[in-house]
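Results of the structural survey
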Amino acid sequence: MVKKNTQQSPEPSQQENDKTKKLESFIADSTGESLTTNHGVKINDDQNSLKAGERGATLLEDFILREKITHFDHERIPERIVHARGSAAHGVFKVYEDQSALTRAAFLTDPGQETPVFVRFSTVAGSRGSTDLARDVRGFAVKFYTQEGNFDLVGNNVPVFFIQDAVKFPDLIHAVKPEPDNEMPQAASAHDTFWDFISHLPESAHMIMWAMSDRALPRSYRMMEGFGVHTFRFVNAQGVSNFVKFHWKPLLGVHAVAWDEAQNISGKDPDFHRRDLWDAIEAGAFPEWELGVQIIPEEDEFKFEFDILDPTKLIPEELVPVQRIGKMTLNRNPDNFFAETEQVAFHVGHVVPGIDFTNDPLLQGRLFSYTDTQLIRLGGPNFHEIPINRPVVPVHNNQRDGYMRQTINRGKTSYGPNGLAANDPQQVKAADGGFVSYNERIDARKIRARSRSFFDHFSQARLFFNSQSDPEQNHIIDALSFELGKVKAVEIRERMLAVLAQIDKGLAGAVAFALGLHVPDIALESLNSSIPADGDPADYASLNPEGSLAASAALSMAGTIKDTIKTRKVAILAADGVDGASLSTVKDALVAAGAVVHIISPKLGKIISQEDQEIVPDESFLTAASVLYDSVYVPGGTNSVATLEAEANAIHFLNEAFKHCKAIAADEQALQVLESTYFYKKLPAEYSKETVLREGLLVSGQADELSSIFKEMIALHRFWERENPRKIPA
Ligand code: HEM
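Residues numbered from 1 in each chain as written. Predicted model: local features only at pLDDT ≥ 70, side-chain atom pairs only at ≥ 80, totals over all residues. Heavy atoms only, no water.

Spelled out, the test is: UniProt positions are given in the numbering used here, feature names are shortened, and annotations may be inferred rather than shown by experiment.
Where an unreviewed UniProt entry is consulted, the protein chain appears under the name Catalase, with the organism given as Pedobacter agri. Under the heading Cofactor (unreviewed entry), UniProt records this for the protein chain: "heme". Here is the UniProt Catalytic activity (unreviewed entry) comment for the protein chain, exactly as written: "2 H2O2 = O2 + 2 H2O".

Written out as structure tokens, the structure is:
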């Protein structure tokens, strides 16, 4: 018989349940308290080691030296095998309306309840110290500290994945990571092993389209979507299940940078995304996302042209609309990177009652992988006790001991059922909040094979490509031309061209043109290396239906939110003699609308305006770069304009901003500066608002009018039409 638990771990304190999950009791700092050893002994000197005489040898007995250095020697833990480079923040989630018709997950049924969250964004391939602006998928992992335990939504900023079965994950990651002989290249997919693998794996076609699109170059973590990727299940209190796809929709819209810009940012500020997230939260501009769900009733499981268990497929929003059911706000930076961002352990298997898995074979493999890797990364089985991983509800079970155990379990028994003692945790019925797996019927033979419903690898890759705007398609072509251009083996380039031809002949032709090759006629079945020994190659590789949907607007970033300049970074170029009135009119208007404005001048210190006022620049041309800003303004002022005109860095700043399709505005007097740029001849002959909003270039003598139009220009984000000369060859 199971005995009722009478001796449990203490209930969490109010503080522990605090919405912001602040880890006060674990905070140690150096705020003037006496220095001690790790064992609490006060230290009188930790700057001089204990020596035999002033010039003598160091003594082995110096426990202060030994402890300090030993601890330092062990500071590093293994980085994550994937997603090693990341940045995180705390926040809260609130559901808009009771979702109990769909799920019994309590945090989704009570609009009054604020659930603390911790979110970690990451790149996939690079190591911990790599650049944020690698062309890569971004991780988007959310830990909800709910009153029923932790729910982790471990997603990406792309809704599909490279492979259909988790068993291929080690191959995928080995292929994309730096090559094993020389550990090159870092945080890049532009190399032979990656494309060799991909060219043999047609199921990756859809994901490759996303990974080569602007989605892989986000302007900010705050401006990207998130996706749970797999189809999950919602289960309500009556045991009724619906399939569900999870989405995060950013309230600032979905925006990207240009590839040339990304490469420059990697040099100028490899922490660009990390800094952007940190600065926005410090400034109180809290990033927000709405949680969206696509609901598919159980009876509709087989009504699509694709299999909803196939993680290389998305469900177009035209077929199943995304319902926005709640909002997440990130409002606090971590106190300590290692303790929180590094030690957090997400797991796709951390679910709460009301959320359950499906048989997606990628999801099923992930369910094993995360705890397994965390056992070694975090050094043993007790990492759930690390403050950032602890639930806000008490933990009761008979697990015990192991490296770094923090909990002091009381009593004699650590097994159940027991009749000896009173510390045997009680099992909980579903009605009382116990997790019960969805009662899915499975009646099957053991088989190592892929379902025929997973064989179509191209129709959604084509749907994605067809849904992109012209500039987005150009970027995909450029990305593939760049990546395959870095590949040394010509046969890999050719195999990839054959794969691309299955998606779109124009796409393959444009990339072939850039590579100076022809699209070869390679039968798909001879490319597909994931065909099992007893499989029929033709079966596995020849299916390439048209697909009934021609395009899906939601897949393009062109129609995203473009009505705000909140947190956009604007550079104002100025030198001594600047027209202070024009500078501050524009600056004040932009700041009032939420932009972050920096004055950049030839040197730091101060500049004196033509009105004889001191202005303190934020950056000099040496410390700033145009790639770190979204747009540029050049105010007038005779001397300032003359200085900037002769300043190569200022001209480079403007030229680069133009090349990266950014909004550029100038006072009429500053035309003199623009004359030295390469785009001067492209300035429109006359300025109608329509031209300005199409071309992103504005020169005006009216500071007021200029600031109001400039705001609209910045909100549009980028003027990709400037790249039109690179249109896809017919
Ligand atoms: C839909 C496909 C996948 C998505 C969206 C995804 C997402 C993520 C994310 C966001 C992280 C970083 C978590 C963090 O910030 O700490 C991560 C880490 C990881 N993922 Fe995945 N992943 C996917 C597929 C897989 C598969 C198939 C496997 C293995 C079979 C896998 C194994 C891992 C491992 C080992 C880590 C490191 C975890 C750690 O050290 O804490 N992932 N994944």
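A short note on the overall build of the protein chain
As a reminder, the rule being used: Helix and strand labels come from DSSP, where a helix needs a run of H or I of at least four residues and a strand needs a run of E of at least two; each type is numbered from the N terminus. Each radius of gyration reported is based on C-alpha atoms, and the globular scaling rule is 2.2 Å times the count of residues to the power 0.38. We call a residue buried when its accessible area falls under 20% of the maximum for its residue type, exposed when it is over 50%, and partly exposed in between, using a 1.4 Å probe and counting protein chains only. Only heavy atoms enter the contact rule, under which two residues are in contact if any of them lie within 4.5 Å. Accessible surface is estimated by sampling points in the Shrake-Rupley manner with a 1.4 Å probe; for residues, cover comes only from the protein chains shown. When charges are tallied, Lys and Arg are placed among the positive residues and Asp and Glu among the negative ones, while His and the ends of the chain are skipped. Just so you know, the charge point we use is NZ for Lys, CZ for Arg, CG for Asp and CD for Glu.
Counting its secondary structure elements, the protein chain contains 20 helices and 18 strands. Here the C-alpha radius of gyration of the protein chain, 29 Å, is about what a compact globule of 730 residues would show, namely 27 Å. On the principal axes, the C-alpha backbone points of the protein chain span a range of 90 × 80 × 60 Å. Relative to its 730 residues, the protein chain shows a buried fraction of 52%. Of all intrachain contacts in the protein chain linking residues separated by at least 6 positions in sequence, the fraction that spans at least 24 positions is 75%. Summed over its atoms, the accessible surface of the protein chain is roughly 33,600 Å², and 52% of this surface lies on carbon and sulfur atoms. Separation of charge centres in the protein chain, based on 74 positive and 101 negative side chains, amounts to 4 Å.

Some thoughts on the pairing of strand β4 (residues 149–156)
Where a strand is regular, its side chains alternate between the two sheet faces. Condition: At least two bridges found by DSSP between two strands is the condition for calling them paired.
Counting buried residues along β4, eight of its eight residues qualify, which places the element largely inside the surrounding structure. With antiparallel pairing between neighbouring strands as the criterion, strand β3 (residues 138–146) and β4 make up a hairpin whose turn holds two residues.

Here we look at the nonpolar core
Cut-off, in case you're wondering: Definition used in this section: a nonpolar core is a set of buried Ala, Val, Leu, Ile, Met, Phe, Trp, Tyr and Cys residues joined via side-chain atoms within 4.5 Å. Bear in mind that the domain bounds are from an automatic or database domain assignment.
Ranked by size, the top nonpolar core spans 61 residues in total, and within it Phe-162, Trp-195, Met-209, Leu-480, Leu-500 and Leu-507 carry the most contacts. Looking at this core, the elements with two or more residues in it are α3 (169–176), α4 (192–199), α5 (205–211), α10 (459–467), α11 (470–485), α12 (490–503) and α13 (505–515). Considering every element that reaches this core, the biggest residue donor is α12, with eight residues. When residues of this core are sorted by domain, at least three fall in each of domain 1 (86–389) and domain 2 (464–555). Other than its neighbours up to four places away in sequence, Met-209 contacts Ala-461, Phe-464, Phe-465, Ile-476, Leu-480, Leu-500, Ile-503 and Leu-507. Leu-108, Phe-246, Val-348 and Val-352 belong to the second largest nonpolar core, which has 49 residues in total.

Considerations on the packing of α11 against α13
To keep things clear, this is the line we draw: Between N-to-C directions, angles cover 0 to 180 degrees, with each direction set by a line fitted to C-alpha atoms, over the stretch in contact for helices. An angle below 35 degrees is treated as roughly parallel, one above 145 as roughly antiparallel, one from 65 to 115 as roughly perpendicular, and anything else as oblique. With the far helix as reference, a near helix turned anticlockwise by less than a right angle produces a left-handed crossing, and one turned clockwise produces a right-handed crossing. Three classes are used: nonpolar for Ala, Val, Leu, Ile, Met, Phe, Trp, Tyr, Cys and Pro, charged for Asp, Glu, Lys and Arg, and polar for all others, with Gly counted as polar.
One can describe the packing of α11 onto α13 by two numbers: an axis separation of 9 Å at closest approach and a directional angle of 45°. Regarding the angle of α11 to α13, the classification is oblique. Classified by chirality, the crossing of α13 by α11 is right-handed. Residues Ile-476, Ile-477, Leu-480, Ser-481, Leu-484 and Gly-485 of α11 touch α13, and the partners they reach there are Leu-507, Ala-510, Val-511, Ala-514 and Leu-515. Class assignment for the residues of the contact of α11 with α13 results in nine nonpolar, two polar and no charged.

Describing empty space enclosed by the protein
Which entries qualify depends on this criterion: Site definitions follow a grid-based scheme: protein atoms alone, a 1 Å grid, a 1.4 Å probe that fits but cannot get out for cavities, and for pockets an open set with protein on both sides within 12 Å along at least five of seven lines, plus lining residues having an atom within 4 Å of a point. Grid points are joined across faces, edges and corners, and a volume is the space filled by probe spheres set on the points.
Going through the model one piece at a time under the given rule, you end up with two cavities of 30 Å³ or more. The volume enclosed by the largest cavity comes to roughly 160 Å³. Forming the walls of the largest cavity are 18 residues, and the residues nearest its centre are Pro-159, Phe-227, His-247, Leu-314 and Ile-315. In terms of residues, the lining of the largest cavity owes the most to one element, strand β7 (residues 241–250), which gives three residues.

Some words on the site of the ligand
Put simply, the rule is: Any residue with at least one heavy atom within 4 Å of a molecule or strand is counted as near it. Polar contact is the term for a pair of N or O atoms within 3.5 Å; when the atoms are in protein, one must be able to donate a hydrogen and the other to accept it, and sequence-neighboring residues count only if both atoms are side-chain atoms.
Near the ligand there are 23 residues, and of these Arg-80, Arg-120, Arg-366, Tyr-370 and Arg-377 occur at the shortest range. Contact distances for the ligand include 3.4 Å between a nitrogen atom and a side-chain N or O atom of His-83. Separating a nitrogen atom of the ligand from a side-chain N or O atom of Tyr-370 is a distance of 2.7 Å. Of all the elements in the fold, those that place two or more residues in the shell around the ligand are β3, β4 and α9 (361–377). Considering every element that reaches the shell around the ligand, the biggest residue donor is α9, with seven residues. Of the residues that constitute the shell around the ligand, the class distribution is eleven nonpolar, eight polar and four charged.

Comments concerning the environment of Asn-397
With respect to the element layout, Asn-397 can be found in the loop between α9 and α10. In sequence terms Asn-397 and Tyr-415 are 18 residues apart; their C-alpha atoms lie 8.7 Å from each other. What Asn-397 contacts, discounting residues up to four positions off in sequence, is Asn-409 and Pro-425. Here the side chain of Asn-397 touches Gln-399 through a polar contact of 2.9 Å, landing on its backbone nitrogen.

Details of the domain arrangement of the protein chain
Stated formally: Accessible area, probed at 1.4 Å, shrinks when two parts are joined; the buried area is that loss added up over both. Basic side-chain nitrogens of Lys or Arg form a salt bridge, by our definition, when they fall within 4 Å of a carboxyl oxygen of Asp or Glu.
Its domain assignment divides the protein chain into domain 1 (86–389), domain 2 (464–555) and domain 3 (569–722). On a C-alpha basis, the centres of domain 1 and domain 3 stand 37 Å from each other. Between domain 1 and domain 3 the total buried area reaches about 1,000 Å² when both faces are included, carbon and sulfur atoms providing 56% of it. When residues of domain 1 are sorted by the area they lose upon contact with domain 3, Arg-219, Glu-261 and Lys-268 head the list and together hold 41% of the total. Our enumeration of links across domain 1 and domain 3 arrives at four salt bridges. Among the ionic pairs, Asp-260 bridges to Lys-659, the shortest N-O distance being 3.2 Å. Counting every contact that joins domain 1 to domain 3 gives six residue pairs in polar contact (both at pLDDT 80 or more). It is helix α6 (residues 259–268) that provides the largest number of residues to the side of domain 1 that touches domain 3, a total of five residues. Here the residues of the side of domain 1 that touches domain 3 sort into five nonpolar, two polar and five charged.

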